[in-house]
Amino acid sequence: MHKQRQAVLGARIHVLSWEEAVLQLLDWGAQKAPRYVCLCNAHSVVCSTRDAHFRTILNNADLAAADGAPVAWAVSHFARTRQPRINGPDLMWRYLAAAERHGQSVFLYGSTPHTLARLQEAIAAAFPALRVAGALAPPFGPVNAGQDQADVEAINRSGANLVFVGLGCPKQEYWMAAHCGRVAAPLVGVGAAFDYHAGTLRRAPLWWQHNGLEWLYRLGAEPRRLARRYLVTNTLFLLGLGRQLLRGRRAGPS
């Protein structure tokens, strides 16, 4: 993939449209290419400034898309083009619709057995001709080498064209980077998308999504879990973005 990338704090984000994103997944899926996809929001971009290994994972991703209104805005500003927000739940659903038409199958890795069961019901209802090749919910704690190898073999035996990974950030990014090539299919980290589509977590109404406020809706729904993450990382993101804007102003037009 030779698309333009735009630096936002420590992360290099691809500049691309929805159509390009879905077509790229279809192409990699048809080839069962060893690729991994990171969807970058303010939290992951801030993590890239504080963790060199995580920054390398994002910047080595075959596709790093702007998931999160602030990141999409920053890419639009610095790249001087309109960058849509390529978020996990919508990317997953758009690809599934295209995969059904093209005869591609998917594997679901992450979350809990309950969520995966409900997710597969939702997928079957929305895309009756689509084959879900398999689903696995790994333990929340560390996975030993034997279990990890068994999971990899199960995914590969399934023959899936593409694997959606729903382990949450940064766990899913570390997992994809470590397993890219071991798993015989492209890997796409989609965060909470499994819960949204399964109905175990309510997604923000469209007005909140379209106005860059989905994070605020999530904060209201899960204040204990997300308060520190959003209040701290969003503040750090704004401070870092301010410094980047100031540097650009001082440098003048390129």
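Residues numbered from 1 in each chain as written. Predicted model: local features only at pLDDT ≥ 70, side-chain atom pairs only at ≥ 80, totals over all residues. Heavy atoms only, no water.

**Q** Can you help me understand the sheet that holds strand 3 (residues 36-40) in this one?
**A** Pairing between the strands of a sheet comes from backbone hydrogen bonds, and it takes one of two forms, parallel or antiparallel. The sheet built from six strands is open, its strands ordered 4-3-8-7-5-6 with parallel pairing. Strands with a single pairing partner mark the edges of an open sheet, and in this sheet they are strand 4 (63-66) and strand 6 (132-136). Here the average twist between neighbouring strands, direction ignored, is 20°. As defined by bridge partners, strand 3 adjoins strand 8 (residues 187-189) across two bridges and the pair is classed as parallel. Bridged to Y36 within strand 8 is L187. (Pairing = 2+ DSSP bridges. Helix = DSSP H or I, 4+ residues; strand = E, 2+ residues; numbered from the N terminus. Axes fitted to C-alpha atoms, helices over the stretch in contact; angles between N-to-C directions.)

**Q** Would you explain the packing of aromatic side chains in this entry?
**A** The geometry of two aromatic rings is summed up by the distance between their centres and the angle between their planes. What the rule picks out here adds up to four aromatic pairs. Judged by centre distance (4.6 Å) and plane angle (25°), the ring pair of Y109 and W175 falls under stacked. Linking Y109 in strand 5 (residues 106-110) with W175 in helix 8 (residues 171-179), this pair joins segments that are 66 residues apart in sequence. Across the pair, exposure class does not vary: Y109 and W175 are buried alike. (Phe/Tyr/Trp six-rings, centres within 6.5 Å; stacked < 30°, edge-to-face > 60°. Buried < 20%, exposed > 50% of the residue type's maximum accessible area, 1.4 Å probe, protein only.)

**Q** What is the right way to read the environment of F164 from this model?
**A** Note that F164 resides in strand 7 (residues 162-166). Looking at F164, the relative accessible area reads 0%, which means it is buried. Separated by 25 residues in the primary sequence, F164 and G189 place their C-alpha atoms 6.0 Å from one another. Leave out the neighbours within four places in its chain, and F164 touches M92, Y95, L96, V106, F107, L108, Y109, V188, V190 and F194. (Contact = heavy atoms within 4.5 Å.)

**Q** Would you mind showing me how to read the nonpolar core here?
**A** A general feature of soluble globular proteins is that nonpolar side chains tend to end up buried together. The biggest cluster of nonpolar side chains holds 39 residues, and the ones touching the most others in it are I13, V163, V165, W175, V183, L187 and F237. Looking at which element gives the most residues to this core, the answer is helix 4 (residues 69-79), with five residues. Ignoring sequence-local partners within four residues, the contact set of V183 consists of V152, I155, N156, V163 and W175. In terms of nonpolar packing, the next biggest core, distinct from the first, is built from 33 residues, A33, L39, A65 and M92 among them. (Core = buried A, V, L, I, M, F, W, Y, C linked by side-chain atoms within 4.5 Å.)

**Q** Hey, could you run me through helix 1 (residues 18-31) in this one?
**A** In an α-helix, one turn spans 3.6 residues, which is why side chains three or four residues apart end up on the same side. In this model helix 1 runs 20 Å from its N-terminal to its C-terminal C-alpha over 14 residues, within 8% of the 20 Å that 1.5 Å per residue would give. Here helix 1 has its buried residues at W18, A21, V22, Q24, L25, L26, W28 and G29. Turning to helix 1, the residues buried within the fold contact strand 3, strand 4, helix 5 (88-102), strand 7 and strand 8. Two residues or fewer after helix 1 comes K32, characterised by a positive phi angle close to 50°. (Expected span 1.5 Å × (residues − 1).)

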